[in-house]
Amino acid sequence: MSQVVDARLASKPTSFSEIPLIDIANLLDGSDPQAVAAQIREACENVGFMYIKNHGVAKALIERMYAVTQAFFDLPLAAKEKLNIIHSGPTLRGYIPFYGENVDPKNTRDFKECFDYGQDSSEVSPFFGANLMPEEMPEFKQQCEDYHAAMLSLARQLISAVALSLDLPANYFEKLQRKPITIQRILHYPPQKGAISQEEIGVGAHTDYGFLTILSQDQVGGLQVRNSDGEWVSAPPLEDTLIVNIGDLVQTFTNDRYMSTMHRVINTSGVERYSIPFFIDLDFDAVVEPVPTCVSTENPAKYAPYTSGQHKYRRFLDSYEHLRGMVLVER
């Protein structure tokens, strides 16, 4: 039996004590990274999500990114289908139509359309290769590259703070991220009306697969985060902030000290919703296992080592319609 809810009643308004707001200026300018790391530690131990302000990403860059995002999704379906992710092989980039990806496939069909891109590469392997770009929008490629570069720079600084928060050297994870898997995504969520069934919502309940996610969301809202009591807490847009959350890899590295938090999207606003998440993982073959500062005789390692790329590809096999029934790709 499907669970039917009114999304406006299913979530509780958030407060900053529930999803904290962290000023990262002292991290970016190097004046007090430890103080920012301490706040990140508290957020990761208790929530897994945080708002960040003074993040250094130009507002004009973000606005241009939203302009090309909306313009892309306004293209005729035939133009978008030419870029369908099924044409990208193991690179897994391009356009993902409605219901083409379902992150909670046993319970939900995702009512969204997406476009994924990353750094162009001559290598063709899982998550690496050339981007598929719309020829109708010559400005799209450069804008995507500029935004991806800004997100990658910000992510590396946030990851250094995560390392400091675990009493590790700031550069601890750099050796595992020399050529990390990154996905820059743009998303479009049409509005839903009336009683909403979990069988079809914007994005079904899921944790993120990788290390860190940096999300820009428009002013519409719809993101919900599940707290430790199982309640869905709304994460509304806050002006001049980005949302950061940790993924499965961090939960493993920290031996469950930091939790990869379940979240979903339901758009009942009555208008179109757009968001722009950036995902950073590790190198494909990087080994993921609990770090020394999170393991002790009293708290032994809970995870056997695994590789970043294999974990991500396994999650993709579960989520993508066109990959169903395929075997895990080896590099």
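It should be noted that the structure appears before, not after, this text.
No experiment lies behind these values; they were computed from the predicted model shown.

**A word on the overall build of the protein**
If you tally the helices and strands in the protein, you get 8 helices and 19 strands. Taken against the 2.2 N^0.38 rule, which gives 20 Å for 331 residues, the C-alpha radius of gyration of the protein at 19 Å falls within 12% of a compact globule. Projected onto its principal axes, the C-alpha coordinates of the protein cover approximately 55 × 50 × 45 Å. By residue count, 54% of the 331 residues in the protein fall in the buried class. The contacts in the protein between residues at least 6 apart in sequence include a share of 77% that link residues at least 24 apart. About 14,200 Å² of surface is accessible on the protein, with carbon and sulfur atoms providing 53% of the total. If the 29 positive side-chain charges of the protein are averaged to one point and the 43 negative ones to another, these points end up 2 Å apart.

**Considering helix 4 (residues 59-73)**
Here helix 4 contains 15 residues, and its C-alpha end-to-end distance of 21 Å stays within 8% of the 21 Å for a straight helix at 1.5 Å per residue. Among the residues making up helix 4, those that are buried are Leu-61, Ile-62, Met-65, Tyr-66, Val-68, Thr-69, Phe-72 and Phe-73.

**Looking at the packing of aromatic side chains**
Applying the stated criterion to the full structure yields 18 aromatic pairs. For the pair Phe-72 and Phe-73, a centre-to-centre distance of 5.2 Å together with 75° between the ring planes defines the contact as edge-to-face. Accessibility classification places Phe-72 together with Phe-73 in one group, the buried group. What links up through ring pairs into an aromatic cluster is the set Phe-72, Phe-73, Tyr-95, Phe-115, Tyr-117, Phe-140 and Tyr-274. Seen from the ring of Trp-232, Arg-264 lies directly overhead, with NZ or CZ sitting 4.1 Å from the centre. Above the ring of Phe-127, the side-chain terminus of Lys-312 is found at 5.9 Å from the ring centroid.

**Considerations on empty space enclosed by the protein**
All chains considered together, the criterion is met by 3 cavities of 30 Å³ or more. By volume, the largest cavity is sized at about 400 Å³. Residue lining of the largest cavity: 32 residues in total, with His-206, Asp-208, His-263, Pro-277 and Phe-279 positioned closest to the centre. The class makeup of the residues in the lining of the largest cavity is 17 nonpolar, 7 polar and 8 charged. Considering only enclosed or pocket space, the second largest cavity measures out at about 40 Å³ in volume. Looking at the second largest cavity, the residues that line it are Arg-93, Gly-118, Gln-119, Phe-127, Phe-128, Pro-180, Ile-181 and Thr-182. The class makeup of the residues in the lining of the second largest cavity is 4 nonpolar, 3 polar and 1 charged.

**Quick word on helix 3 (residues 33-46)**
The first and last C-alpha atoms of helix 3 sit 20 Å apart over 14 residues, in line with the 20 Å expected at 1.5 Å per residue. Among the residues of helix 3, those classed as buried are Val-36, Ala-37, Ile-40, Ala-43 and Cys-44. Viewed along the axis of helix 3, the buried residues span an arc of 120°, placing them on a single side of the element. Away from its buried face, by an angle of more than 90 degrees, helix 3 presents the exposed residues Glu-42 and Asn-46. Elements that come into contact with the buried residues of helix 3 comprise strand 3 (21-23), helix 2 (25-28), strand 4 (49-53), helix 6 (140-165) and strand 15 (241-246). Two residues or fewer past helix 3, Gly-48 is found with a positive phi of approximately 85°.

**Some details on the sheet that holds strand 12 (residues 212-217)**
Spatial ordering of the open sheet is given by 3-4-15-12-17-8-7-5, a layout of 8 strands whose pairing is mixed. Each having just a single partner strand, strand 3 and strand 5 (94-96) make up the two edges of the open sheet. For this sheet, the mean inter-axis angle between neighbouring strands, taken without regard to orientation, is 25°. As paired elements, strand 8 (residues 182-189) and strand 17 (residues 273-280) share 6 bridges and run antiparallel to each other. Bridge pairing in strand 17 links His-188 to Tyr-274. In this fold helix 3 packs onto strand 3, strand 4 and strand 15, with an angle of close to 165° to the strand it touches most, strand 3.

**Observations regarding unusual backbone geometry**
Positioned with a positive phi, Asn-54 is a non-glycine residue whose angle comes to about 50°. Structurally, Asn-54 can be placed in the loop between strand 4 and helix 4. Residue classification places Asn-54 among the partly exposed residues on the basis of a relative accessible area of 43%. Positive phi is not limited to glycine here, since Leu-92 has a value of about 55°. On the secondary structure map, Leu-92 appears in the loop between helix 5 (77-81) and strand 5. The exposure class assigned to Leu-92 is buried, which follows from its relative accessible area of 2%.

**A few points about the pairing of strand 15**
The buried fraction of strand 15 amounts to 6 of the 6 residues, a majority that puts the element mostly inside the structure. Every second residue of strand 15 is oriented toward a common face, with Thr-241, Ile-243 and Asn-245 on one face and Leu-242, Val-244 and Ile-246 on the other, all of them buried. Here 4 bridges tie strand 12 to strand 15, and the two strands are oriented antiparallel to one another. Of the residues in strand 15, the one forming a bridge with Leu-212 is Ile-246.

Reading the values: the criteria
Residues numbered from 1 in each chain as written. Predicted model: local features only at pLDDT ≥ 70, side-chain atom pairs only at ≥ 80, totals over all residues. Heavy atoms only, no water. Helix = DSSP H or I, 4+ residues; strand = E, 2+ residues; numbered from the N terminus. Rg over C-alpha atoms; globule rule 2.2 N^0.38 Å. Buried < 20%, exposed > 50% of the residue type's maximum accessible area, 1.4 Å probe, protein only. Contact = heavy atoms within 4.5 Å. Areas by Shrake-Rupley, 256 points an atom, 1.4 Å probe, with all protein chains shown as cover. Lys, Arg positive; Asp, Glu negative; His and termini not counted. Charge placed at Lys NZ, Arg CZ, Asp CG, Glu CD. Expected span 1.5 Å × (residues − 1). Phe/Tyr/Trp six-rings, centres within 6.5 Å; stacked < 30°, edge-to-face > 60°. Lys NZ or Arg CZ within 6 Å of the ring centre and 35° of its normal. 1 Å grid on protein atoms, 1.4 Å probe; cavity = no way out; pocket = protein on both sides within 12 Å on 5 of 7 lines; lining within 4 Å. Points joined across faces, edges and corners; volume = space filled by probe spheres on them. Nonpolar A, V, L, I, M, F, W, Y, C, P; charged D, E, K, R; others polar. Arc of directions from axis to C-beta. Pairing = 2+ DSSP bridges. Axes fitted to C-alpha atoms, helices over the stretch in contact; angles between N-to-C directions.

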